[in-house]
Amino acid sequence: MASVIKIYALFLGSALLMFGGGLQGLLLSVRGAEEGFSLLALGLIGTGWSVGFVAGSISVPLVVRKVGHIRAFSVMAAIGTITILLNLLLINDISWILLRALSGFCFAGAAMIVESWLNEVAENKSRGTIFSIYVTINMAASTLGQIAMSVTGTAGYVPFVLGAISFICAVLPTALTSSPQPRPLSSAKIDIGLLYRTSPVAAIAAFSVGMANGAFGTLAPVYGYEQGLDTSGIALLFAVAAILGAVAQIPFGRLSDRIDRRIVLIGLSGFAAIVGALTVLINPGANWMMFVLFAAYGFAANPIYAVAVAHANDFAKDGDFAKIAGGMLLILGIGLAIGPAVASLIMGAWSPVGLFMVTASFHGALAVTAFLRMRIRKGIDAAYREPFRPMGDRQSTPETIVLDPRADSDSPEMGHAEAPVPDELATQNEDRRDVQDGTV
């Protein structure tokens, strides 16, 4: 716990980043709708952020190697601040798409540097605690940023300036911290082939979550606006979905530690598909039914990615966790980039509620895939699984993977001794290799 107390400044820096990110993401969707941007343009704003985030996750380590962590973080925070202020000065769709991509790039870089610092001071015995606190802070701060829009509104300059203040203030804790300079940032470890051979279900889950949650996160505010909700209502709507989603991670994660995780994936994705279908059928107005459906969506959809990562890790060989998790990040990022654009076209061609046709389709496809794959391969015995760890799906970077306690065995420098393998697990591993070409 002492190591946690020593790095409170890094937690504060992360919280400020996530607060600004949560506010900016919701603000641009709603303000863009109010400005009359087309649905395609609003979808491409979400696509731009995802493309920039993936690009930043891959290329920022090269920047840090040249100028160092402190300077790189200051540059990222400064450009992020300038970007959100330019959103205020240049209110047109093309500018916002380009600026959102730059914002995603800077956000990824700043988050990676904070995570690198946390990883540096995390000892093996405290890594799980630090990781859990970090994920909880990120979820809470992002939700608070969204709620802040209910106070600031979307008109005028106040919400943009508040986001800019949050981004630039994130520099202060990292600049003043006494924690040692972190090691070089991790480049993205990507092996999609290894991921698919290890767990096709996890690979499909990453893409499905990216498509569904990317579309939802970008365009659900637009749907709420089109249905007649005011700014406060939209902020509250998203807060309910985010809070229920965060709360659901622990019980469903622990349930997945006890039973086949694919059963949990089937239940969550199937329920999310039903919620999406009901939303299409009911198409609720600005009333309590919309809040119930959004809460149910967040409750079911948000834990899916973390359960899928845990499922992939169950079947991973020693030392492969980072490569597999990196592959999942790339596939997730692709889905996050494509989802908003696809959903915007469907919403424009049919109606705003078409958004939930996209979420229902991809969640339904995941549920069917997981069910069919269970018939091909039995799961890993619960006694030999790594414990579930909660995690987000929209702000994860390669450094998040390194901070995850499950990556300890991937890095000899962590000082993690190799544990003896029980005979039963060795047998399971042999079975796993025997059917590697047709596994889940």
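Rules behind the numbers
- Residues numbered from 1 in each chain as written.
- Predicted model: local features only at pLDDT ≥ 70, side-chain atom pairs only at ≥ 80, totals over all residues.
- Heavy atoms only, no water.
- Helix = DSSP H or I, 4+ residues; strand = E, 2+ residues; numbered from the N terminus.
- Buried < 20%, exposed > 50% of the residue type's maximum accessible area, 1.4 Å probe, protein only.
- Contact = heavy atoms within 4.5 Å.
- Areas by Shrake-Rupley, 256 points an atom, 1.4 Å probe, with all protein chains shown as cover.
- Patch = residues over 30% accessible without salt bridge, like charges linked within 9 Å, V, L, I, M, F, W, Y side chains within 5 Å.
- Salt bridge = Lys/Arg side-chain N within 4 Å of Asp/Glu carboxyl O.
- Axes fitted to C-alpha atoms, helices over the stretch in contact; angles between N-to-C directions.
- Parallel < 35°, antiparallel > 145°, perpendicular 65-115°, else oblique.
- Left-handed = near helix turned anticlockwise from the far one by under 90°.
- Nonpolar A, V, L, I, M, F, W, Y, C, P; charged D, E, K, R; others polar.
- Core = buried A, V, L, I, M, F, W, Y, C linked by side-chain atoms within 4.5 Å.
- Phe/Tyr/Trp six-rings, centres within 6.5 Å; stacked < 30°, edge-to-face > 60°.
- Expected span 1.5 Å × (residues − 1).

Asks: Give me the lowdown on the overall build of the chain, citing residues and values where you can.
Replies: Counting its secondary structure elements, the chain contains 18 helices and 0 strands. Among the 440 residues that make up the chain, the fraction classed as buried is 57%. Contacts in the chain between residues at least 24 apart in sequence constitute 88% of all its contacts with a sequence separation of at least 6. About 16900 Å² of surface is accessible on the chain, with carbon and sulfur atoms providing 66% of the total.

Asks: Could you give an account of unusual backbone geometry, with specific residues and numbers?
Replies: Not every positive phi belongs to a glycine, and Asn283 is a case in point at roughly 45°. Following the sequence through the fold, Asn283 ends up in the loop between α12 (261-282) and α13 (288-301).

Asks: Go over a nonpolar patch on the surface, please, and point to the residues and values.
Replies: Taken together, the side chains of Ile274, Leu278, Leu281 and Ile282 present a nonpolar region at the surface, about 400 Å² in accessible area. Inspection of the secondary structure puts Leu278 in helix α12. Under the relative-accessibility criterion, Leu278 is labelled partly exposed at 37%.

Asks: Account for the packing of α12 against α13, naming residues and giving values.
Replies: For any two helices packed against each other, the geometry is given by the interaxial angle and the distance between the axes. One can describe the packing of α12 onto α13 by two numbers: an axis separation of 8 Å at closest approach and a directional angle of 160°. Taken together, the axis directions place α12 and α13 in an arrangement best described as roughly antiparallel. In terms of crossing hand, the pair formed by α12 and α13 is left-handed. Contacts between α12 and α13 involve Leu268, Phe271, Ala272, Val275, Leu278, Thr279 and Ile282 on the former and, on the latter, Met289, Leu293, Ala296, Tyr297, Phe299, Ala300 and Ala301. Here the residues of the contact of α12 with α13 are counted per class, giving 13 nonpolar, 1 polar and no charged.

Asks: Account for the pattern of salt bridges, naming residues and giving values.
Replies: A complete count under the given rule lists 4 salt bridges for this structure. Of the charged contacts in the structure, one is a salt bridge between Glu35 and Arg31, with a shortest N-O distance of 2.9 Å. The partly exposed category is assigned to Glu35, whose relative accessible area is 38%.

Asks: Report on the side chain of Gln249, specifying residues and quantitative values.
Replies: The residue Gln249 is located in helix α11 (residues 231-258) in this model. Dropping the residues within four chain positions of it, Gln249 is found in contact with Met139, Asn302, Pro303, Ala306, Phe388, Pro390 and Met391.

Asks: An account of the nonpolar core is needed here, citing residue identities and associated values.
Replies: Counting residues in hydrophobic clusters, the biggest one holds 108 residues, and the most contacted among them are Phe294, Tyr305, Met328 and Leu355. A per-element tally of this core places helix α10 (residues 200-226) first, with 13 residues.

Asks: Quick one: what's the story with the packing of aromatic side chains, residue by residue and with numbers?
Replies: Taken as a whole and judged by the stated rule, the model has 15 aromatic pairs. Through a chain of ring-to-ring contacts, three or more aromatic side chains come together here, namely Phe216, Tyr223, Phe238, Phe294, Tyr297 and Phe356.

Asks: Could you give me a rundown of helix α3 (residues 39-67), with the residues and numbers involved?
Replies: Between the first and last C-alpha of α3 there are 40 Å, a value that for 29 residues agrees with the 42 Å anticipated at 1.5 Å per step. Just past α3, the residue Gly68 takes up positive phi, approximately 95°.

Asks: Now, about α12: what can you tell me, with residues and values included?
Replies: With 22 residues, α12 extends 31 Å between its outermost C-alpha atoms, agreeing within 8% with the 32 Å of an ideal straight helix rising 1.5 Å per residue. Looking one or two places after α12, you find Asn283, whose phi comes out positive at around 45°.

Asks: Please provide a residue-by-residue account of the environment of Ile7, values included.
Replies: Position of Ile7 among the secondary structure elements: in the loop between α1 (2-6) and α2 (8-34). For Ile7, a relative accessible area of 1% puts it in the buried group. Measuring from C-alpha to C-alpha, the distance between Ile7 and Trp117 comes to 8.8 Å, with 110 residues separating the pair along the chain.

Asks: I'd love a proper account of the environment of Ala141, names of residues and values included.
Replies: The residue Ala141 is located in helix α6 (residues 124-152) in this model. Distance from Ala141 to Leu23, taken between C-alpha atoms, is 9.6 Å for residues 118 residues apart in sequence. If sequence neighbours within four positions are ignored, Ala141 has contacts with Ala15, Met18 and Phe19.

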